[in-house]
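# Notes for the structure review
These are the residues of each chain, in order.
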Amino acid sequence: GENVEQHPSTLSVQEGDSAVIKCTYSDSASNYFPWYKQELGKGPQLIIDIRSNVGEKKDQRIAVTLNKTAKHFSLHITETQPEDSAVYFCAASTSNFGNEKLTFGTGTRLTIIP
Amino acid sequence: SQTIHQWPATLVQPVGSPLSLECTVEGTSNPNLYWYRQAAGRGLQLLFYSVGIGQISSEVPQNLSASRPQDRQFILSSKKLLLSDSGFYLCAWRGRRDGNTIYFGEGSWLTVV
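Scope of this entry: the structure provided in the associated data block. (Residues numbered from 1 in each chain as written. Chains lettered and ligands numbered in written order. Predicted model: local features only at pLDDT ≥ 70, side-chain atom pairs only at ≥ 80, totals over all residues. Heavy atoms only, no water.)

### Overview of the overall build of chain A
Applied cut-off: Working definition: helices are DSSP H or I runs of at least four residues, strands are E runs of at least two. Numbering for both runs from the N terminus. Values of the radius of gyration come from C-alpha atoms, whereas the globule rule sets the reference at 2.2 Å times the count of residues to the power 0.38. Think of it in three bands: with a 1.4 Å probe and only protein chains considered, a residue is buried below 20% of the maximum accessible area for its type, exposed above 50%, and partly exposed in between. By definition in these notes, contact holds between two residues if any of their heavy atoms fall within 4.5 Å. Areas reported as accessible are Shrake-Rupley estimates using a 1.4 Å probe. Residue values count occlusion only from the protein chains shown. Within this scheme the basic residues Lys and Arg register as positive and the acidic residues Asp and Glu register as negative, but His and the chain ends are omitted. Note that the charge is assigned to NZ on lysines, CZ on arginines, CG on aspartates and CD on glutamates.
Helix and strand counts for chain A come out as 0 helices and 11 strands. The C-alpha radius of gyration of chain A comes to 14 Å, within 12% of the 13 Å expected for a compact globule of 114 residues. Put simply, chain A has 114 residues, and 43% of those count as buried. The long-range fraction of contacts in chain A, counting pairs at least 24 apart against all pairs at least 6 apart in sequence, stands at 53%. When the accessible area of chain A is evaluated, it comes to approximately 5,600 Å², of which 46% is carbon and sulfur surface. Across chain A, the 11 positively charged side chains and the 13 negatively charged ones have centroids separated by 4 Å.

Right, here's the structure in full:
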């Protein structure tokens with residue numbers, strides 16, 4: 001089955017600086033890669049996703065890059081703000097419609113230092 | 001718009017007692033439904049998923065079971081809780097028209113004492 005590794009497990013960044021979180025996956029058939037943000041005591045919220053036919057996607061201060069050859073993808077947050085502090089999860093899945101299962105990384109606790 | 005409701009939000013149960021967590025989705029029909037568990041400081045582990053009424057797939061052997069009595073209702077149960085069942089339980093759904101995107105509920109904290 002799919003195995004997703006995520007690094008680092010914790011990350012502290014000065015407010016205004018950029019943060020980068022990296023994930024690798026094992027199943028070359030995986031073609032959908034979402035990123036979730038989880039605040040304390042709440043369910044994960046989707047913040048951005050990318051499909052395997054795209055190398056990069058950007059949404060305001062958040063961007064995701066995908067390298068299918070190397071089987072890794074990364075989340076980039078620019079101009080970080082205190083509200084970016086949370087746990088971030090990457091995930092991977094194959095587009096098997098009707099039998100969709102996400103495999104998650106172990107999470108990165110991001111702390112923005114004011 | 002679609003919404004997902006999960007309850008109770010917090011639960012403290014003694015070892016050996018039963019469990020019932022409920023989840024309902026509104027604003028969509030025939031969704032895929034999921035139960036995930038998140039141990040403290042850990043990632044999300046898929047427990048069960050369902051592609052339709054009465055259709056349940058289990059991902060890991062465990063003390064828990066799931067049922068889907070109605071199209072948009074998903075229930076997580078146990079007859080006798082273990083200490084190791086403690087954790088944060090998340091219900092999630094995926095719409096038939098939303099591609100791969102999975103949306104999570106707010107979660108239920110279960111503490112078995």
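So much for the structure itself; the text now carries on.
### Regarding the packing of aromatic side chains
Formally: Think of it this way: a Phe, Tyr or Trp ring, Trp meaning its six-membered ring, pairs with another when their centres are within 6.5 Å, and the plane angle makes it stacked under 30 degrees, edge-to-face over 60, tilted otherwise.
Summed over the entire model, instances satisfying the criterion amount to 15 aromatic pairs over all chains. Relative to A:Phe33, the ring of A:Tyr25 has its centre 4.7 Å away and its plane inclined at 45 degrees; by these criteria the two rings are tilted. When its relative accessible area of 6% is taken as the criterion, A:Tyr25 is described as buried. Take A:Phe33: its relative accessible area is 0%, and that puts it in the buried class. Counting every residue linked through ring pairs, the aromatic cluster contains A:Tyr36, A:Phe89, A:Phe104, B:Tyr34, B:Tyr36, B:Tyr49 and B:Phe104.

### Considerations on the interface of chain B and chain A
Rule in force here: Two parts lose some accessible area (1.4 Å probe) when they are put together, and adding that loss for both gives the buried area. By definition here, a salt bridge exists when the distance from a side-chain nitrogen of Lys or Arg to a carboxyl oxygen of Asp or Glu is within 4 Å. Within 3.5 Å is the distance limit for a polar contact, defined as a pair of N or O atoms, with the added protein rule that one can donate a hydrogen and the other accept it, and that residues adjacent in sequence qualify only through two side-chain atoms.
The interface of chain B with chain A comprises 23 residues on the first partner and 24 residues on the second. Summed over the three residues of chain B that lose the most area to chain A, namely B:Leu44, B:Asn100 and B:Phe104, the buried surface amounts to 30% of that side. The interface formed by chain B and chain A contains 0 salt bridges. Where chain B touches chain A, the interface holds 3 residue pairs in polar contact (both at pLDDT 80 or more). Secondary structure elements with two or more residues in the side of chain B that touches chain A: strand S4 (32-38), strand S5 (44-52) and strand S9 (87-94) of chain B.

### Comments concerning the nonpolar core
For clarity, the threshold we go by: Here, the term nonpolar core denotes a set of buried Ala, Val, Leu, Ile, Met, Phe, Trp, Tyr and Cys residues that are joined through side-chain atoms within 4.5 Å.
Judged by nonpolar contacts, the single largest core of 23 residues is most densely connected at A:Trp35, A:Phe73, A:Leu75 and A:Leu110. If you list the elements that add at least two residues to this core, you get strand S2 (10-14), strand S3 (19-25), strand S4 (32-38), strand S5 (45-51), strand S7 (62-67), strand S8 (72-77), strand S9 (86-92) and strand S11 (108-113) of chain A. What A:Leu75 contacts, discounting residues up to four positions off in sequence, is A:Ala19, A:Val20, A:Ile21, A:Trp35, A:Ile47, A:Ile48, A:Ile62, A:Ala63 and A:Tyr88. Listed in part, the 21 residues of the second largest apolar core include B:Trp35, B:Val60, B:Tyr89 and B:Leu110.

### As for the environment of B:Phe74
Mapped onto the elements, B:Phe74 comes out in strand S8 (residues 73-78). In this structure, the C-alpha to C-alpha distance between B:Phe74 and B:Pro61, residues 13 residues apart in sequence, is 19 Å.

### Structural notes on the pairing of strand S2 (residues 10-13) of chain B
Residues and elements named next belong to chain B. Using the following cut-off: DSSP-based pairing: two strands are paired if at least 2 bridges between them are found.
In S2, alternate side chains face the same way, and those of Leu11 and Gln13 are buried while those of Thr10 and Val12 on the opposite face are not. Across 4 bridges, the pairing between S2 and strand S11 (residues 108-112) is parallel. Residue Thr10 lies in a different strand from S11, and its bridge partner there is Trp109.

### Remarks on the sheet that holds strand S1 (residues 3-7) of chain B
What holds strands together in a sheet is hydrogen bonding between their backbones, with the strands either parallel or antiparallel. Residues and elements named next belong to chain B. As a reminder of what qualifies: The angle between two axes is taken between their N-to-C directions and runs from 0 to 180 degrees, where each axis is a line fitted to C-alpha atoms and a helix contributes only its stretch in contact.
Sheet architecture is open: 4 strands sit in the order S1-S3-S8-S7, paired in antiparallel fashion. Lying at the two open borders of the sheet, with one neighbouring strand each, are S1 and strand S7 (65-70). When strand polarity is set aside, the average angle formed by the axes of neighbouring strands in this sheet is 20 degrees. Inspection of the sheet shows strand S3 (residues 19-26) paired to S8 by 6 bridges, in the antiparallel sense.

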